[in-house]
Amino acid sequence: MSKRPKAGIQSTIGSNPERNRSHNRRVVLDVVRQFGPVGRMEISRHAHLSTQAVSNIVEELVADGLLIRGERLRAGRGLPPIQFAVNPEGGMTAGVEIAADHISTLLVDIGGRVRAQRTLSIPRNDPEAVLPAIKTEITAAQAQLKSPAPQLLGVGVVMPGPFNVEGMTSVGPTTLSGWLDFDASAELGHMLGAPIALENDATAAAVGERLYGAAKAFKNFCLIYFGRGLGLGIMIDGRPYRGANGNAGEIGHVLVEKGGRLCSCGQHGCLEAYASLQALTERLAAAGIRRVDYAHLERLHHEKHPVVETWIQEAAGYLAPQIAMLENLFDPEAVVIGGALPPSLLDDLTRTMQPLPLSVASRRNRSEARLIGGKTGRLTAALGAAALPLLETMTPRLDTAHAAHREQPAEEVSLAG
Ligand SMILES: [Zn+2]
């Protein structure tokens with residue numbers, strides 16, 4: 001947030017009143033965003049803060065232009081409570097997805113409305129090429145707005161994982177080159193002059209589906225995410241689960257075929273070597289069809305191209321048992337599947353996986369399908385990224401040293417609602 005202390009002057013977690021204040025501001029803002037217009041009493045109930053604390057924070061947020069005071073709501077006798085709502089013009093966050101071959105940028109106002117979006121193809125994905133491009137894209141997105149751009153409250157940046165794993169090839173088509181040991185958060189923050197929240201793409205996509213998409217009603221779900229590779233976002237009790245190093249959910253590198261196809265990580269037989277956009281484009285390239293973009297892929301699928309059809313069969317065959325495994329491990333309300341695949345192709349893949357193997361999710365009385373398609377499409381991860389600066393108080397984990405600068409313990413963060 002705008003009043004967040006600089007990293008260097010932070011002390012240990014939980015002992016800094018300034019940090020608690022900043023955290024509480026976010027909680028209050030999030031409550032108003034979700035339930036607004038609301039009065040102080042109701043905010044205090046949802047935020048688990050005293051009404052006095054809420055009053056102070058609300059006054060600050062109004063003064064900062066992030067909340068607006070509304071009508072007094074008539075409710076019984078006495079002076080009706082003043083209602084507060086978020087001021088959509090009060091601030092924006094940017095969501096940036098750094099993918100292997102493109103950067104997607106979104107501007108989202110604090111009311112949750114997407115105000116501008118851009119996608120840029122990038123020939124190189126190293127930090128030297130990507131950093132200036134992010135700045136240019138955010139500026140260009142701000143210039144698309146009709147009114148003067150509201151203040152930038154933070155930038156959520158997502159990129160494919162895994163982060164800093166020794167022995168895994170870090171330079172490969174599904175990962176980005178040159179980011180190992182690069183302090184992305186500090187460099188981006190310095191360049192953009194705004195707080196940065198860094199996340200892996202699949203986890204951000206799960207946040208995106210939870211807030212805007214197919215998982216609105218779910219507190220416990222898994223998201224199979226098709227980027228260039230294959231990722232998994234895990235939402236437990238309304239909170240993204242990240243693991244000790246932010247690398248939870250690297251389902252793409254689960255071994256599914258001993259001695260199988262070579263994966264970008266250097267191992268043979270990973271799930272991603274079969275069930276990913278990378279695997280599909282490799283098959284197409286082998287058949288002489290190169291440089292396939294989204295629209296081209298959609299067309300090939302529509303034409304029932306044999307390479308695409310064969311890939312669907314193979315990918316479904318490897319993916320279906322993993323869905324059952326996720327259900328057995330996490331007992332989710334549903335598994336969502338989404339990301340950069342054209343919707344028709346994703347539907348076809350989902351259909352081909354049926355019937356799913358038996359798992360703990362096989363219940364006669366369930367109302368939801370076990371496997372459902374994501375709703376937010378190619379922008380899911382960027383949407384989730386844009387929500388991070390407001391909803392999340394975590395900082396990056398590309399470098400474990402950053403853990404000491406976490407603004408709040410992750411347990412206090414919740415997307416529950
Ligand atoms: Zn692998």
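Just so it is clear, the model here is predicted, and its values are computed rather than measured. Think of each chain on its own: its residues are numbered from 1, step by step along the sequence as written. Totals for whole chains, interfaces and linings use every residue, but because this is a predicted model, local features are given only for residues with pLDDT of at least 70 and side-chain atom pairs only at 80 or more, for both listing and counting. Excluding hydrogens and water, the side-chain figures rest on all heavy atoms present in the structure.

Engineer: I keep staring at the overall build of the chain and nothing clicks. Help me out?
Structural biologist: Secondary structure summary: the chain contains 11 helices and 12 strands in total. When accessible area is computed with a 1.4 Å probe and restricted to protein chains, residues below 20% of their type maximum are described as buried, those above 50% as exposed, and intermediate ones as partly exposed. Across the 417 residues of the chain, 54% fall into the buried class. Of the contacts made within the chain by residues no fewer than 6 positions apart, 63% connect residues no fewer than 24 positions apart. Note on conventions: DSSP H or I runs of at least 4 residues are helices, E runs of at least 2 residues are strands, and numbering of each starts at the N terminus. It only takes one pair of heavy atoms within 4.5 Å for two residues to be counted as in contact.

Engineer: What is the right way to read the coordination of the zinc ion from this model?
Structural biologist: Note on metal geometry: ideal angles are 109.5 degrees for four donors arranged tetrahedrally and 90 or 180 degrees for six donors arranged octahedrally. Here the term donor refers to an N, O or S atom within 2.8 Å of the metal (or 3.2 Å for Na, K and Ca), and because water is left out of the atoms, sites may appear incomplete. Around the zinc ion, the donor atoms from the protein are His253 (ND1), Cys263 (SG), Cys265 (SG) and Cys270 (SG), and they sit 2.0 to 2.4 Å away. Key to geometry: four donors with every angle between 85 and 135 degrees are tetrahedral; four donors are square planar and six octahedral where opposite donors lie over 155 degrees apart and all remaining angles lie between 65 and 115; all other sites are irregular. If you look at the zinc ion, its four donor atoms make angles of 105 to 122° with each other, and the shape they trace is tetrahedral. Expressed as a motif, the donor residue spacing for the zinc ion is H-x9-C-x1-C-x4-C. One end of the pair, His253, is in the loop between strand S10 (239–240) and helix H7 (277–286); the other, Cys263, is in the loop between S10 and H7, with 10 residues separating them in the sequence.

Engineer: Quick question: what am I supposed to make of H7 here?
Structural biologist: Turn by turn, an α-helix covers 3.6 residues, leaving residues three or four places apart pointing in a common direction. Counting buried positions over the 10 residues of H7 gives eight, a clear majority of the element. Turning to H7, its buried residues number three or more, namely Leu277, Gln278, Ala279, Leu280, Thr281, Arg283, Leu284 and Ala285. Buried-residue contacts for H7 involve strand S8 (221–226), helix H8 (294–302), helix H9 (306–330) and helix H10 (343–352). Count one or two residues on from H7 and you reach Gly288, which has phi positive near 90°.

Engineer: What is the right way to look at the side chain of Glu209 in this model?
Structural biologist: Relative to the helices and strands, Glu209 is located in helix H6 (residues 201–212). This count recognises Lys and Arg as positive and Asp and Glu as negative, with His and chain-terminal groups excluded. What makes a salt bridge here is a side-chain nitrogen of Lys or Arg within 4 Å of a carboxyl oxygen of Asp or Glu, nothing more. An unpaired buried charge is present at Glu209: no salt bridge exists, and Lys375, the closest side chain of opposite charge, is 7.0 Å distant. Here the side chain of Glu209 touches Ala214 through a polar contact of 2.7 Å, landing on its backbone nitrogen. Discounting residues that sit within four places of it in the chain, Glu209 has contacts with Ala214, Ala215, Lys216, Leu223, Gly374, Lys375, Thr376 and Thr380. The definition of a polar contact used here is a pair of N or O atoms within 3.5 Å, where within protein one atom must be able to donate a hydrogen and the other to accept one, and adjacent residues in sequence count solely through side-chain atom pairs.

Engineer: Explain the packing of aromatic side chains here, please?
Structural biologist: Geometry of an aromatic ring pair is reported as the spacing of the ring centres plus the angle between the planes. Aromatic pairing here means that ring centres of Phe, Tyr or Trp (its six-membered ring) are within 6.5 Å. Orientation follows from the plane angle: under 30 degrees is stacked, over 60 is edge-to-face, and everything else is tilted. Applying the stated criterion to the full structure yields two aromatic pairs. Taking 6.4 Å as the distance between ring centres and 55° as the angle between the ring planes, the aromatic pair formed by Phe218 and Phe221 counts as tilted. Look at Phe221 and you get buried, because its relative accessible area is 1%. Sitting over the ring of Tyr294, Arg378 keeps its end group 3.9 Å from the ring centre. We call a charge positioned over a ring when the NZ of a Lys or the CZ of an Arg lies within 6 Å of the ring centre and within 35 degrees of the ring normal.

Engineer: Help me understand the sheet that holds strand S6 (residues 152–159) in this model?
Structural biologist: Neighbouring strands of a sheet are bound in pairs by backbone hydrogen bonds; such pairs are parallel or else antiparallel. Strand order in the open sheet formed by five strands is S5-S4-S3-S6-S7, and the pairing between neighbours is mixed. Edge strands, defined here as strands with exactly one partner in the open sheet, are strand S5 (114–121) and strand S7 (196–200). The average undirected angle you get between the axes of adjacent strands in this sheet is 15°. One ladder, built from seven bridges, connects strand S4 (residues 102–109) with S5; its direction is antiparallel. For Val108, the partnering residue across the bridge sits in S5 and is Val114. Relative to S7, helix H5 (residues 184–192) is tilted by about 140°, and along the sheet it contacts S6 and S7. Contacting strand S3 (92–98), S4, S6 and S7, H6 crosses the sheet at an angle of about 105° to S7. Following DSSP output, two strands are said to pair if at least two bridges run between them. Convention adopted: a line fitted to C-alpha atoms gives each axis, helices being fitted over their contacting stretch, and angles between N-to-C directions are expressed from 0 to 180 degrees.

Engineer: What's the story with unusual backbone geometry in this structure? I'm lost.
Structural biologist: Note that the residue after Gln354, namely Pro355, is joined by a cis bond; omega there is -5°. In this structure, Pro355 sits in the loop between H10 and strand S12 (371–373). With a phi angle near 55°, His48 is a residue other than glycine that sits in the positive phi range. Positionally, His48 belongs in the loop between helix H2 (40–47) and helix H3 (51–63). A residue is classified by how much of its surface remains accessible, and His48, at 71% relative accessible area, is exposed.

Engineer: Got a minute to help me understand the sheet that holds S12 in this structure?
Structural biologist: Spatial ordering of the open sheet is given by S10-S9-S8-S11-S12, a layout of five strands whose pairing is mixed. Here the strands that pair on one side only, and so sit at the sheet edges, are S10 and S12. In the sheet, strand S9 (residues 230–236) pairs with S10 via two bridges, with the strands oriented antiparallel. When the bridges of S10 are listed, Met235 appears paired with Pro240. In the packing of H6 onto the sheet, contacts are made with S8, S9 and S10, and the angle to S8 comes to roughly 120°.

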